[in-house]
Amino acid sequence: MEDNTKALAEQTAHQLGDVVILRSLAHGYHWNVMGIEFSQYHDFFEEIYEDIDQSVDPLAENILKLGYDSPYLLGDFVDLSCIDEPRIIGSNGVALMLESLQRANKKTIDCYYTLIEMAERCNEQGLVDFVGGRIDMHNKWDWQLKASMGIR
């Protein structure tokens, strides 16, 4: 059981890395979006990063509840995350920002599915419940990002 708990804590740390990087990506796009639709996307990116920000603390606390230290240095999050998106700035960048954020969000969703399966196997119901809610919210962001790009 201890091996399963350690693996769950490690997967939760990877998820934490992904959400910190995804939040940073959305926040960076919020700061740097330009063009005629500036106001719309400035607000949209803010809505996304503020939502994601609410998941950071619970993920870190779930690692601690499992009996392991939570990462907290920026370098830790970069190392833990599977998200690697290019810098996008400029007036022609909104479409690229949307595509980038949707790709990164999809990776986050995929990792959340891995995490929920592991949490179920370890009978960590609180983590299962939390992750289920996050999957639902990230699926909403996926839908809205795709709709903003004109795709289903």
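Look above for the structure.
What comes next concerns the included structure. None of the values given here were measured: they were computed from a predicted structure. (Residues numbered from 1 in each chain as written. Predicted model: local features only at pLDDT ≥ 70, side-chain atom pairs only at ≥ 80, totals over all residues. Heavy atoms only, no water.)

Broken down by element type, the protein carries 5 helices and 0 strands. Secondary structure elements of the protein occur, N-terminal to C-terminal, as α-α-α-α-α. Against the 2.2 N^0.38 benchmark of 15 Å for 152 residues, the protein shows a C-alpha radius of gyration of 16 Å, consistent with a compact globule. Along the three orthogonal principal directions, the C-alpha set of the protein runs to about 55 × 30 × 20 Å. (Helix = DSSP H or I, 4+ residues; strand = E, 2+ residues; numbered from the N terminus. Rg over C-alpha atoms; globule rule 2.2 N^0.38 Å.)

A word on unusual backbone geometry. Peptide bonds are trans in most cases, and residues, glycine excluded, mostly fall at negative phi. Despite not being glycine, Asn 123 has its phi angle at roughly 55°, a positive value. Asn 123 sits in the exposed class, given a relative accessible area of 63%. (Buried < 20%, exposed > 50% of the residue type's maximum accessible area, 1.4 Å probe, protein only.)

A few words now on the environment of His 27. For His 27, the position within the fold is in helix H1 (residues 2-32). Sequence separation of His 27 and Gln 15 is 12 residues, and the distance between their C-alpha atoms is 18 Å.

Ranked by internal contacts, the top residues of the largest apolar core, which has 45 residues, are Leu 8, Leu 16, Phe 44, Phe 45, Ile 48, Leu 101 and Val 131. Every element with two or more residues in this core is listed here: H1, helix H2 (38-65), helix H4 (94-121) and helix H5 (125-149). No other element matches H1, which puts 11 residues into this core. Apart from residues lying up to four places away in sequence, Phe 44 is in contact with Leu 98, Trp 141, Gln 144, Leu 145 and Ser 148. (Core = buried A, V, L, I, M, F, W, Y, C linked by side-chain atoms within 4.5 Å. Contact = heavy atoms within 4.5 Å.)

The computed volume of the largest pocket comes to approximately 350 Å³. As for the largest pocket, its lining consists of 15 residues, of which Ser 24, Leu 25, Glu 85, Pro 86 and Arg 87 are closest to the centre. Here the residues of the lining of the largest pocket are counted per class, giving 9 nonpolar, 3 polar and 3 charged. (1 Å grid on protein atoms, 1.4 Å probe; cavity = no way out; pocket = protein on both sides within 12 Å on 5 of 7 lines; lining within 4 Å. Points joined across faces, edges and corners; volume = space filled by probe spheres on them. Nonpolar A, V, L, I, M, F, W, Y, C, P; charged D, E, K, R; others polar.)

Right, let's talk about the packing of H1 against H4 for a bit. Orientation of H1 relative to H4, taken along the N-to-C sense of each, is 160°, at an axis distance of 10 Å. It follows from the interaxial angle that H1 and H4 lie roughly antiparallel. Remark: the crossing between H1 and H4 carries left-handed chirality. Touching Ala 7, Leu 8, Gln 11, Thr 12, Gln 15, Asp 18, Val 19, Leu 22, Leu 25, Ala 26, Tyr 29 and Asn 32 of H1 are Met 97, Ser 100, Leu 101, Ala 104, Asn 105, Thr 108, Cys 111, Tyr 112, Thr 114, Leu 115, Met 118 and Ala 119, all from H4. (Axes fitted to C-alpha atoms, helices over the stretch in contact; angles between N-to-C directions. Parallel < 35°, antiparallel > 145°, perpendicular 65-115°, else oblique. Left-handed = near helix turned anticlockwise from the far one by under 90°.)

What follows concerns the packing of aromatic side chains. Here a ring pair, both rings aromatic, is described through the centre-centre distance and the interplanar angle of the planes. Per the counting criterion, the structure on display carries 5 aromatic pairs. Considering the side-chain rings of Tyr 41 and Phe 45, the 6.0 Å spacing of their centres and the 35° angle between planes classify their relative orientation as tilted. Of this pair, Tyr 41 and Phe 45 both sit in helix H2, 4 residues apart, which is roughly one turn of the helix. Summarising the burial analysis for this pair, Tyr 41 and Phe 45 share the class buried. Directly above the ring of Trp 141 sits Lys 140, whose terminal nitrogen or CZ lies 5.6 Å from the centroid. (Phe/Tyr/Trp six-rings, centres within 6.5 Å; stacked < 30°, edge-to-face > 60°. Lys NZ or Arg CZ within 6 Å of the ring centre and 35° of its normal.)

This part takes up the pattern of salt bridges. Scanning all chains against the criterion turns up 5 salt bridges. Residue Asp 142 pairs with Lys 146 through a salt bridge whose shortest N-O separation is 3.2 Å. Of the two residues, Asp 142 and Lys 146 are both situated in helix H5; the distance of 4 residues between them amounts to about one turn of the helix. Take Lys 146: its relative accessible area is 22%, and that puts it in the partly exposed class. (Salt bridge = Lys/Arg side-chain N within 4 Å of Asp/Glu carboxyl O.)

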